[in-house]
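# Overview (structure and organization)
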Amino acid sequence: MKKTVVLFMSIMLFVACQESLEDRCAREAKEFTEKNCPRAVDKEIVLDSMTFEKSTHTISYLYTLQGTLDNPQRIDSVQFRELLLMEVKNSTNLKLYKDAGYAFRYAYYSEKNNGTKLFEATFRKSDYQ
């Protein structure tokens with residue numbers, strides 16, 4: 001009987017310690033932002049934060065554009081969207097989240113125009129499959 005109780009308690013403890021994918025994603029996004037942001041992607045793009053919205057299963061990447069890229073006329077939204085979509089499709093780092101059907105949102109803001117949104121795109125499972 002005692003072995004059964006110990007086994008049951010061990011199983012319950014193991015199950016209780018398991019982190020859901022949603023909780024893992026929220027934790028990792030928060031930790032990434034705290035440890036790595038802001039982060040220069042290149043000389044004109046800064047990753048400001050990564051967030052996760054549980055209710056919509058959306059991972060968001062928020063960027064600031066600087067220099068010559070910080071210009072609404074420089075952004076060809078159709079071409080930019082296609083480049084981002086190819087990145088999502090080809091990313092092995094996102095595989096776990098793509099397999100779960102999560103959405104990926106990319107938002108780009110202007111440094112010189114007080115954070116005015118220059119571009120935004122969200123990719124859902126139907127886009128990247």
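First things first, this report covers the structure right here in the doc. (Residues numbered from 1 in each chain as written. Predicted model: local features only at pLDDT ≥ 70, side-chain atom pairs only at ≥ 80, totals over all residues. Heavy atoms only, no water.)

### Let's talk about unusual backbone geometry
For the bond running from Cys37 to Pro38, omega is 0°, close enough to zero to count as cis. Tracing the backbone shows Pro38 in the loop between α2 (21–36) and β1 (39–42). Phi is positive for His57, which is not a glycine, with a value near 55°. Inspection of the secondary structure assignment puts His57 in the loop between β2 (45–53) and β3 (58–65). Even without being glycine, Asn114 reaches a positive phi, approximately 50°. Take Asn114: its relative accessible area is 79%, and that puts it in the exposed class. (Helix = DSSP H or I, 4+ residues; strand = E, 2+ residues; numbered from the N terminus. Buried < 20%, exposed > 50% of the residue type's maximum accessible area, 1.4 Å probe, protein only.)

### Quick look at the pairing of β3
Where burial is concerned, most of β3 is hidden: 8 out of the 8 residues are buried. Of the two faces of β3, the one carrying Thr58, Ser60, Leu62 and Thr64 and the one carrying Ile59, Tyr61, Tyr63 and Leu65 are both buried. As paired elements, β2 and β3 share 8 bridges and run antiparallel to each other. Of the residues in β3, the one forming a bridge with Phe52 is Ile59. Here β2 hands over to β3 after 4 residues, with His57 in that stretch at a positive phi of 55°. (Pairing = 2+ DSSP bridges.)

### Quick word on the pattern of salt bridges
Per the stated rule, a full pass over the model turns up 8 salt bridges. Note that Arg27 and Glu19 form a salt bridge whose closest N and O atoms lie 2.8 Å from each other. Look at Arg27 and you get partly exposed, because its relative accessible area is 33%. According to the relative accessible area criterion, Glu19 is partly exposed, its value standing at 39%. Ionic pairing is found between Lys30 and Glu34, a salt bridge with its closest N-O pair at 3.9 Å. Here the residue Lys30 and the residue Glu34 both occupy positions in helix α2, the gap between them amounting to 4 residues, near one helical turn. Taken as a pair, Lys30 and Glu34 share a single burial class, namely exposed. Each of the salt bridges in this network shares a partner with another, and the network as a whole consists of Glu19, Arg27 and Glu31. (Salt bridge = Lys/Arg side-chain N within 4 Å of Asp/Glu carboxyl O.)

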